[in-house]
Amino acid sequence: MAKIVDNPDGTKTVRLEAPVTTHDGQVREVVLRAPTYSDFMALGDPTSLIIAAGSALPQDDMVVIRQYVERLSSVPPEHLTQIHALVDAMALAEAVKRFFREASAGISTPSPTPSSSTSAGLSEMSAA
């Protein structure tokens, strides 16, 4: 079974069910580096929201996910076409989506607490 491993350096390794043959021999793992600003600005988000009947449903954009896999992969894109096991293809897609879920979770939103200048201004006003 394909397995995704989160590496300490921020990359993700996908262990393949069936090896891929490259110029360097058989490869049983595909390493995906983390997307950069340039990658994101060139390809966009791999998930879009479909708005219907007053709700928003996430929809994977498989064209964008494929572009990310090909761009981030340690295996040249022309060799990725040798992947025939559905579980391997799904694991690569999942690894890409994990990068984005992890990044989204790391974005903090500012709290609605007043700034110190605002609260100081209010104190001065109430003292007058």
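First, a word on scope: everything that follows refers to the structure included in this document. (Residues numbered from 1 in each chain as written. Predicted model: local features only at pLDDT ≥ 70, side-chain atom pairs only at ≥ 80, totals over all residues. Heavy atoms only, no water.)

Regarding the packing of helix α2 (residues 62–72) against helix α4 (residues 86–105)
Okay, so step 1: Interhelical geometry of α2 versus α4 gives an angle of 90° and a closest axis separation of 9 Å. Relative to α4, the element α2 lies roughly perpendicular. Contacts between α2 and α4 involve Met 62, Ile 65, Tyr 68, Val 69 and Leu 72 from the first element and Leu 92, Ala 93, Val 96, Lys 97, Phe 99 and Phe 100 from the second.
Okay, so step 2: Taken together, the residues that form the contact of α2 with α4 break down as 10 nonpolar, no polar and one charged. (Axes fitted to C-alpha atoms, helices over the stretch in contact; angles between N-to-C directions. Helix = DSSP H or I, 4+ residues; strand = E, 2+ residues; numbered from the N terminus. Parallel < 35°, antiparallel > 145°, perpendicular 65-115°, else oblique. Contact = heavy atoms within 4.5 Å. Nonpolar A, V, L, I, M, F, W, Y, C, P; charged D, E, K, R; others polar.)

Some words on the nonpolar core
Okay, so step 1: By size, the foremost hydrophobic cluster in this structure holds 23 residues, and its most contacted members are Val 14, Val 30, Leu 32, Tyr 68, Leu 92 and Val 96.
Okay, so step 2: Elements that contribute at least two residues to this core include exactly β2 (12–22), β3 (25–32), α2 and α4.
Okay, so step 3: At seven residues, the largest contribution of residues to this core is made by α4.
Okay, so step 4: The contact partners of Val 96, leaving out residues within four places of it in the chain, are Leu 32, Ile 65, Tyr 68 and Val 69. (Core = buried A, V, L, I, M, F, W, Y, C linked by side-chain atoms within 4.5 Å. Buried < 20%, exposed > 50% of the residue type's maximum accessible area, 1.4 Å probe, protein only.)

A short note on a nonpolar patch on the surface
Okay, so step 1: Nonpolar side chains collect at one region of the surface, where Tyr 37, Phe 40 and Met 41 lie side by side and expose about 360 Å² of accessible area between them.
Okay, so step 2: Along the chain, the position of Met 41 falls in helix α1 (residues 37–43). (Patch = residues over 30% accessible without salt bridge, like charges linked within 9 Å, V, L, I, M, F, W, Y side chains within 5 Å. Areas by Shrake-Rupley, 256 points an atom, 1.4 Å probe, with all protein chains shown as cover. Salt bridge = Lys/Arg side-chain N within 4 Å of Asp/Glu carboxyl O.)

Some remarks on α4
Okay, so step 1: Here α4 spans 28 Å end to end across 20 residues, near enough to the 28 Å set by a 1.5 Å rise per residue.
Okay, so step 2: Taken together, the buried positions of α4 are Asp 88, Ala 91, Leu 92, Ala 93, Ala 95, Val 96, Lys 97, Phe 99 and Phe 100.
Okay, so step 3: Buried residues along α4 sit against β1 (3–6), β2, β3, α1, β5 (55–60) and α2. (Expected span 1.5 Å × (residues − 1).)

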